[in-house]
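Residue strings, one per chain:
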There are 2 protein chains.
Amino acid sequence: MKLAVIGVGLIGGSIGMAARRRLGAEVAGYDRAAETLEAALANGAIDRAAESVADACSGAEAVFCAAPVGVLPGITREALEEAAEDAVVTDVGSTKREIVAAIGDEPRFVGGHPLAGAETAGVENARPDLFEGARWYLTPTGATGGLLYDRLQRILAEIGARPQAIDASEHDRAMATTSHLPHVIANVLAREVEQTLGEGGERLPEVGPSLRDATRVAGANPAIWEDIFLANRAAVADAAAAASASLSQAADILRSGSAEEVAAWHGAAGQARSRLLAAESAGGPVTELRVIVPNRPGIVAELALALGRGGVNIEDMALHPSADMSSGAVSLWIAGAEGAERAAALVRDLGHTVQVLDAAG
Amino acid sequence: MKLAVIGVGLIGGSIGMAARRRLGAEVAGYDRAAETLEAALANGAIDRAAESVADACSGAEAVFCAAPVGVLPGITREALEEAAEDAVVTDVGSTKREIVAAIGDEPRFVGGHPLAGAETAGVENARPDLFEGARWYLTPTGATGGLLYDRLQRILAEIGARPQAIDASEHDRAMATTSHLPHVIANVLAREVEQTLGEGGERLPEVGPSLRDATRVAGANPAIWEDIFLANRAAVADAAAAASASLSQAADILRSGSAEEVAAWHGAAGQARSRLLAAESAGGPVTELRVIVPNRPGIVAELALALGRGGVNIEDMALHPSADMSSGAVSLWIAGAEGAERAAALVRDLGHTVQVLDAAG
């Protein structure tokens, strides 16, 4: 099987590696940056460095367009012009409504979006198992050819992904809330805090762990996120407006001073988060352990080693250092009641005190 | 010197321990829970288990009220009735306007709020160095006696804290934004996500790292947070309303589709977060390193050990597991350009690829 990858970054490079190893595919790659193409050849992401989109598409049965969201419609259109009549062309952009509308009724095109690799970039980080177990959304339309859709789905399953069809608008709406809205909120919060501190004569520079968590992605990766915000602007704006309304309602509940209403509101939020994490984890509900530790270098290592030896995996972790960094607490999220119990016992054996927090509260 | 601690939990117990060790103080403790008092005696948090607030206050030169925010005004009033005419009485509640108003013009009272220990609870976690380097806000009023204020400030400095006077309303407004608002937003976001996913026929259960970070404290510790929300309701409601307005503006900017406006908005948020982190860290601006690692148990240990051996401290950490948990990325935040460089080199020596991310973008 011959594949083409247009744009050989982390995602494109990993597609190439996986297809070569698992499908025995012959992969032609094209990238505007010559040094990227060279690196992709060097680390085995592609078999052949193509000289143009047309050259890459020549003879390919499937074409993956893996460029940044902002330039994807143009590149995908070019690929469709150059690809064979019986080739399937797909993209990997994290928003789908815009590109599906831009391409229109085209039997050979299927929009796609793998939920993998957002945390890094660059072909030097490509790896053949990037998509192992990863959800890969596909957005077929009424015009999509059935055989071509089937071919694409099989390729994705072969490289380890879990393809799932979804309406492009539904996809964008869900991603707007679960993925893009947290970034919008982090941006808003970072500036709110700075403005509030700037206004008062007093300075409160201490940034607590909750503020750190809540603003971690503020202003993240402008090249990627500006494109995503623009491509999915309608759904993200809707999600932000809905969150704004909920926040305004929360302000009213708080201002009411009703202990009952505040408790109901707070409790419902805890349950909602609990259900979200439980739905994600294969090991069942996730429990938080809080461990009091000296903050010396190496302490996280000790904890992680002890849990590792005990066969307990850490789903999530957060450090809460004390003001002088001499000590603090580490939160460890562990899946399954049994795993959490075992983890707590292992940590206690190290001589640390542990609090096991109910995920719902 | 004789001290009284009313409410011997994490904070009260740590005050007792620190005062006994560093000031050679004789500490009397009172708590409604008999077993808490016993535990406090057993681990050296207090010298003497008092039978009542009056008993604890008898002869004390300084009285620390360290009960939950909801019952603090009552307990503090009782302590003021029982304490000597020349005793200073203070509290450790995380909101200040309500209690300062409740106590009124009272020369012996100074409101207080140590920024320490929020991450755990219970006298069993008390430690004498809990306040080492920690900011400790004090809210004197025009009625506060100068000598008593000075005595309190000296005690706090002796136990390692950094006391700072602040107007009670200003304190609550700043805490509302930097500490309480992130909790309100996490609550709102957790429910928004659940509602959006519930509405659509499709399910997108994958919870990405940005959503996990942004909702980490949703519904956290109801006993503590419901009290805080109620005690600081006016300022928190104002902060939530302001954030709601900013979020609504963000929705407008996104909907406009102007690449320039979106870029300016996103860039300003990155700079705001950068400045907040830099203001906090003693080591200068904080840099994020992204490390690609296999997700086997023990990998975090390897990283932390290597950095520990190299003398590099980790300010903050986040794990970004891949879908199948077989691999992923770890973000490490390191203070100072030199520290970040050394850390990157140490991680590369382990054979991992590292991205050094500009804090501002």
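Attention now goes to helix α10 (residues 233-256) of chain A. For α10(A), built from 24 residues, the straight-helix expectation of 34 Å at 1.5 Å per residue is met to within 8% by its first-to-last C-alpha distance of 34 Å. In the segment just after α10(A), Gly257(A) is the residue with positive phi, at about 70 degrees.

Right, let's talk about the packing of helix α12 (residues 299-309) of chain A against helix α13 (residues 337-349) of chain A for a bit. Residues and elements named next belong to chain A. Contact geometry for α12 and α13: axes closest at 9 Å, N-to-C directions at 130 degrees. In this view, α12 runs oblique relative to α13, as classed from their interaxial angle. The chirality of how α12 crosses α13 is right-handed. Contact with α12, carried on its side by Leu-303, Ala-306 and Leu-307, involves Ala-343, Leu-346 and Val-347 of α13 and no other residues of that element. Looking at the contact of α12 with α13, its residues break down into 6 nonpolar, no polar and no charged.

Moving on, we get to the sheet that holds strand β4 (residues 62-65) of chain A. Residue and element names in this part refer to chain A. The mixed open sheet is built from 8 strands, whose spatial order is β3-β2-β1-β4-β5-β6-β7-β8. Taken across any chain shown, the strands that pair with only one partner, and hence form the sheet edges, are β3 (48-49) and β8 (162-165). Sheet analysis places strand β7 (residues 135-139) next to β8, joined by 4 bridges and oriented parallel. Considered in β8, the bridge of Leu-138 is made with Ala-165.

A few words on the sheet that holds strand β1 (residues 2-6) of chain B. All names here are of chain B. Ordered by their spatial adjacency, 8 strands build an open sheet running β3-β2-β1-β4-β5-β6-β7-β8, and the pairing between neighbours is mixed. Pairing within the sheet leaves two strands with one partner each, and these edge strands are β3 (48-49) and β8 (162-165). In this sheet, β3 lies alongside strand β2 (residues 26-30) in parallel orientation, the contact comprising 2 bridges. Within β3, the residue paired with Gly-29 across the bridge is Ala-49. Along the sheet, helix α6 (residues 146-158) makes contact with β4 (62-65), β5 (88-91), β6 (109-114), β7 (135-139) and β8, crossing β5 at roughly 55 degrees.

Cut-offs and rules
- Residues numbered from 1 in each chain as written.
- Chains lettered and ligands numbered in written order.
- Predicted model: local features only at pLDDT ≥ 70, side-chain atom pairs only at ≥ 80, totals over all residues.
- Helix = DSSP H or I, 4+ residues; strand = E, 2+ residues; numbered from the N terminus.
- Expected span 1.5 Å × (residues − 1).
- Axes fitted to C-alpha atoms, helices over the stretch in contact; angles between N-to-C directions.
- Parallel < 35°, antiparallel > 145°, perpendicular 65-115°, else oblique.
- Left-handed = near helix turned anticlockwise from the far one by under 90°.
- Contact = placed C-beta atoms within 7 Å.
- Nonpolar A, V, L, I, M, F, W, Y, C, P; charged D, E, K, R; others polar.
- Pairing = 2+ DSSP bridges.

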